[in-house]
Amino acid sequence: MTATHTGHVRSTKQSRPVAEGLTVFAAIMLMIAGILAVCRGIMAIAEDEVFVSTRNYVFEFDLTGWGWVHLALGAVAVLVSLGLFQASLWARVAGVAIAGLIIIANFLSLPYYPVWSIVMIAFSAFIIWALCVVKRDGSRDQVR
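As recorded in an unreviewed UniProt entry, the protein chain goes by the name DUF7144 domain-containing protein, listed as coming from Streptomyces phaeolivaceus.

This is the structure we're talking about:
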């Protein structure tokens, strides 16, 4: 007697790409970093008294200007993170670029909110790592 299996074989190509593993991690982390950057930008634009001002810092800029920079970077980071949930290549490249810009912006705004800037630099470094170690071919094991 022979048993007939009528199971379905999953193909490697699906109609909608599904992000997996580290890409989902990076997408969630980038969305959180973007939302926090938007909140930080709004705080810097609305209330200058929230942040500490340090004298004689080499990269001293207007706090309201930094608020707009963080607000814009945060908004773009949230949009790019939505693209990462679809595992698209453009979103991975843009995610690395935005996370790099977030690192630079937080480094330059260290005197205004030092501990949070260091936390966001580490956060963004994890995002870049997660986006750079994803397999290039995107292959999956087939169920047989």
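S.K.: Which parts of the structure should I look at to understand the UniProt feature "transmembrane region" (unreviewed entry) in the protein chain?
M.R.: Feature annotation in UniProt assigns "transmembrane region" (unreviewed entry) to the following positions: residues 21-45, 65-82, 89-109 and 115-134. Helix makes up 96% of residues 21-45 and strand 0%, with an end-to-end C-alpha separation of 36 Å. Spanning residues 115-134, this segment combines 90% helix with 0% strand, and its end C-alpha atoms are found 30 Å apart.

S.K.: What is the right way to read the packing of helix α1 (residues 22-46) against helix α2 (residues 63-84) from this model?
M.R.: Geometry of a packed helix pair, given as the angle between the helix axes and the separation of the axes. Between α1 and α2, the least distance of the axes is 7 Å, while the angle of their chain directions is 155°. As judged from the angle between their axes, α1 and α2 are roughly antiparallel. The handedness of the crossing between α1 and α2 is left-handed. Across the contact of α1 with α2, the residue classes tally to 19 nonpolar, eight polar and one charged.

Quick notes on the rules
Residues numbered from 1 in each chain as written. Predicted model: local features only at pLDDT ≥ 70, side-chain atom pairs only at ≥ 80, totals over all residues. Heavy atoms only, no water. UniProt positions renumbered as here; feature names shortened; annotations may be inferred. Helix = DSSP H or I, 4+ residues; strand = E, 2+ residues; numbered from the N terminus. Axes fitted to C-alpha atoms, helices over the stretch in contact; angles between N-to-C directions. Parallel < 35°, antiparallel > 145°, perpendicular 65-115°, else oblique. Left-handed = near helix turned anticlockwise from the far one by under 90°. Nonpolar A, V, L, I, M, F, W, Y, C, P; charged D, E, K, R; others polar.

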